[in-house]
Amino acid sequence: MNAKNLLSATLLLISALYSSQTGGVGINTTSPQGALDVVSKTGTFIPPRMTTTERDALVAPPTGAVVYNTTTPGLEFNFGTPAAPNWKTAVTTVGTSSNIVLAGGSSDATPPTVGSNTVGDGYYQFSINLPSSAKCKLDLYPTVWSDVNKGVGTDLYIDGTKKASVVTAVTSPVNLHVVVPYSYVTPTALTAGSHTIKIQAYANPYPASATAGPTDVRGKIDNFDRITYSYLCWN
């Protein structure tokens, strides 16, 4: 061993002996903050490097043991036991990130389009213009006029096709504007281009077989009603 290597080994031994008195081993530090504290601004920590075959030949590797698998390649940890090692990477699954292509909504409460002001009449409508095909989540907060002591609700249409019906869980007092909130996620992606979203007042009666609210639902949307909404689309 040459003089330089001997000096390095001596300094390392002195550091280890000193650190053992403080409860840890420090390399390039006299104040280790753990059982082993390696401090460096110019080098890296390198765990044992081995192939999968060499890793599997290890005898009773402890839980938490770390190796760098050159076959995979990647850093691996033993999540199992010494008797039954289970080597995994720190990240065991990789998810596909989503790309948000459109987001927006109403900055102020928006008035409806009002027809003859009868039960089931009146609706809100807005459009979204997708730059590419995407799924969309619609968060809708419309009010509906309750002219009788019954449930109130709305129908949701996308491009003229009814997608869902939303009703209150209980009957509503007479002469009250009731908020009927709803969140809807399109089950499949909408095509690129413009799409019309329509929220129509629900007409009486609600199907007796339904369980989402009162069996008698009606309502109308008039000039005093308003909606706020937001949307988020991704692919």
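For the structure itself, look to the data block above.
Residues numbered from 1 in each chain as written. Predicted model: local features only at pLDDT ≥ 70, side-chain atom pairs only at ≥ 80, totals over all residues. Heavy atoms only, no water.

### What about the overall build of the protein chain?
Moving on, step 1. Looking only at helices and strands, one finds two helices and 15 strands in the protein chain.
Moving on, step 2. Looking at the protein chain residue by residue over its 235 residues, the buried ones come to 33%.
Moving on, step 3. For the protein chain, the share of sequence-separated contacts (at least 6 apart) that also reach a separation of at least 24 residues comes to 61%.
Moving on, step 4. With the model as given, the accessible surface of the protein chain reaches about 14000 Å², and the carbon-plus-sulfur share is 57%. (Helix = DSSP H or I, 4+ residues; strand = E, 2+ residues; numbered from the N terminus. Buried < 20%, exposed > 50% of the residue type's maximum accessible area, 1.4 Å probe, protein only. Contact = heavy atoms within 4.5 Å. Areas by Shrake-Rupley, 256 points an atom, 1.4 Å probe, with all protein chains shown as cover.)

### So, the pattern of salt bridges
Working definition: two side chains of opposite charge can pair if their charged atoms are close together.
Moving on, step 1. Under the counting rule described, the total for this entry stands at four salt bridges.
Moving on, step 2. Here Arg-55 ties to Glu-76 by a salt bridge, and the two come within 2.6 Å at their closest N and O atoms. Of this pair, Arg-55 sits in helix 2 (residues 52-56) while Glu-76 sits in strand 5 (residues 74-78), and the two are 21 residues apart along the sequence. Assigned by exposure class, Arg-55 and Glu-76 land together as buried.
Moving on, step 3. The partner of Lys-137 in a salt bridge is Asp-139, and the shortest N-O contact between them spans 2.6 Å.
Moving on, step 4. Taking relative accessible area as the criterion, Lys-137 reaches 30% and is therefore assigned partly exposed.
Moving on, step 5. Beyond isolated ion pairs, a larger network of salt bridges with shared partners links Arg-55, Asp-56 and Glu-76. (Salt bridge = Lys/Arg side-chain N within 4 Å of Asp/Glu carboxyl O.)

### Details of the sheet that holds strand 14 (residues 193-201)
Moving on, step 1. The four strands are arranged 8-14-10-11 in an open sheet whose pairing can be described as antiparallel. The open sheet terminates on both sides in strands that have one partner only, identified here as strand 8 (123-130) and strand 11 (161-167). The average undirected angle you get between the axes of adjacent strands in this sheet is 20°.
Moving on, step 2. Here strand 10 (residues 153-158) pairs with strand 11 via six bridges, running antiparallel. Bridging across to strand 11, Thr-154 finds its partner in Val-166. (Pairing = 2+ DSSP bridges. Axes fitted to C-alpha atoms, helices over the stretch in contact; angles between N-to-C directions.)

### Observations concerning the pairing of strand 9 (residues 135-146)
Each regular strand displays side chains that alternate between the two surfaces of the sheet.
Moving on, step 1. With nine of twelve residues buried, strand 9 is to be regarded as a mostly interior element.
Moving on, step 2. Note that strand 9 and strand 15 (residues 227-234) share eight bridges and pair antiparallel. Bridge pairing in strand 15 links Tyr-141 to Thr-228.
Moving on, step 3. In this sheet, strand 13 (residues 182-185) lies alongside strand 9 in antiparallel orientation, the contact comprising four bridges. The residue bridging Leu-140 from the neighbouring strand is Tyr-182, located in strand 13.
Moving on, step 4. Of the strand pairs in this sheet, strand 9 and strand 12 (residues 176-179) are connected by four bridges, and their pairing is antiparallel. Residue Val-144 lies in a different strand from strand 12, and its bridge partner there is Val-178.

### Re the state of the cysteines
Moving on, step 1. Applying the stated criterion across every chain yields a total of one disulfide.
Moving on, step 2. Two residues share a disulfide in this structure: Cys-136 and Cys-233, whose sulfurs sit 2.1 Å from each other. The disulfide joining Cys-136 to Cys-233 has a torsion of about 110° about its S-S bond and is therefore right-handed. With Cys-136 in strand 9 and Cys-233 in strand 15, this pair connects stretches of sequence that are 97 residues apart. The same class applies to Cys-136 and to Cys-233, which are both buried. (Disulfide = S-S within 2.5 Å.)

### Considering the sheet that holds strand 5
Hydrogen bonding along the main chain pairs the strands of a sheet, whether they run parallel or antiparallel.
Moving on, step 1. A sheet is described by the order of its strands in space; here four strands give the open sequence 3-4-5-6, paired in mixed fashion. In the strand order of this sheet, the two ends are held by strand 3 (49-50) and strand 6 (87-89), each with one partner.
Moving on, step 2. As paired strands, strand 5 and strand 6 are joined by three bridges and run antiparallel to one another. Of the residues in strand 6, the one forming a bridge with Glu-76 is Thr-89.

### What about the side chain of Asp-139?
Moving on, step 1. Along the polypeptide, Asp-139 turns up in strand 9.
Moving on, step 2. Given a relative accessible area of 15%, Asp-139 falls into the buried group.
Moving on, step 3. Setting aside anything within four residues of it in sequence, one finds Asp-139 in contact with Tyr-182, Ser-183, Thr-228, Tyr-229 and Ser-230.

Such coordinate-based values are descriptive only and should not be taken to indicate function.
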